[in-house]
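Commentary on secondary and tertiary structure
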Amino acid sequence: MGNTIKNPWHDPAIIKIPNSRKAIAITTVSNVKACFRTPKQGIIDIVKESYSLLKSVGAEPLAITNCLNFGNPENEKIMYQFKETVLGMKEICEELNFPVVSGNVSFYNETSGTNIAPTPVVGAVGLIRDYRHA
């Protein structure tokens, strides 16, 4: 719409707040391969990347939301992946003072009995207090 300064193809997207010099930066990040190798480090890297993307456009990172997608939680390996993801997210969000304000978990994602790889997705938002580029 008329207040979109940078669209989603220019990560992060930037939306101007009407009648203000403020703008909102928005990004989403995921990395299936990293989370499959080491779920805890994978989510840490995802959160750090989202934080850095916001900072790269002068935004103050405010908060994240998440969508945590996993296979069958009755499988011990899947629950381990989920647990490590949640612990990693808690650790990095506390370190960065980057709160999780919402999210959801989706389990039982599989095809023909094969679980998907852990696929956490992080959406992040930040505030640009004085946006001068129009």
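Attention here is on the structure that accompanies the text.

Cut-off values and rules
Residues numbered from 1 in each chain as written. Predicted model: local features only at pLDDT ≥ 70, side-chain atom pairs only at ≥ 80, totals over all residues. Heavy atoms only, no water. Disulfide = S-S within 2.5 Å. Buried < 20%, exposed > 50% of the residue type's maximum accessible area, 1.4 Å probe, protein only. Axes fitted to C-alpha atoms, helices over the stretch in contact; angles between N-to-C directions. Helix = DSSP H or I, 4+ residues; strand = E, 2+ residues; numbered from the N terminus. Left-handed = near helix turned anticlockwise from the far one by under 90°. Contact = heavy atoms within 4.5 Å. Nonpolar A, V, L, I, M, F, W, Y, C, P; charged D, E, K, R; others polar. Phe/Tyr/Trp six-rings, centres within 6.5 Å; stacked < 30°, edge-to-face > 60°.

The full count for this structure, using the stated rule, is zero disulfides. With no disulfide of its own, C35 has C67 as its nearest cysteine by sulfur position, at a separation of 12 Å. In this structure C35 comes out as buried when scored by relative accessible area, which is 0%. Among the residues examined, C67 registers a relative accessible area of 24% and is labelled partly exposed.

The contact between helix α2 (residues 39-56) and helix α3 (residues 76-96) brings their axes to 7 Å, and the two run at 35°. Here α2 runs over α3; the crossing is right-handed. Only Q81, E84, T85, G88, M89, E91, I92, C93 and L96 of α3 make contact with α2, whose side of the interface consists of P39, K40, I43, I44, V47, K48 and Y51. Here the contact of α2 with α3 is built from residues that sort into nine nonpolar, three polar and four charged.

On to the packing of aromatic side chains, then. Scanning all chains against the criterion turns up four aromatic pairs. Ring plane angle 85° and centroid distance 5.5 Å describe the contact between F70 and F82, whose orientation is recorded as edge-to-face. On the criterion of sequence distance, the pair formed by F70 in the loop between β4 (60-69) and α3 and F82 in helix α3 is long-range, its members being twelve residues apart. A residue is classified by how much of its surface remains accessible, and F70, at 0% relative accessible area, is buried. According to the relative accessible area criterion, F82 is buried, its value standing at 17%. Through a chain of ring-to-ring contacts, the aromatic side chains of F70, F82 and F107 assemble into a single cluster.

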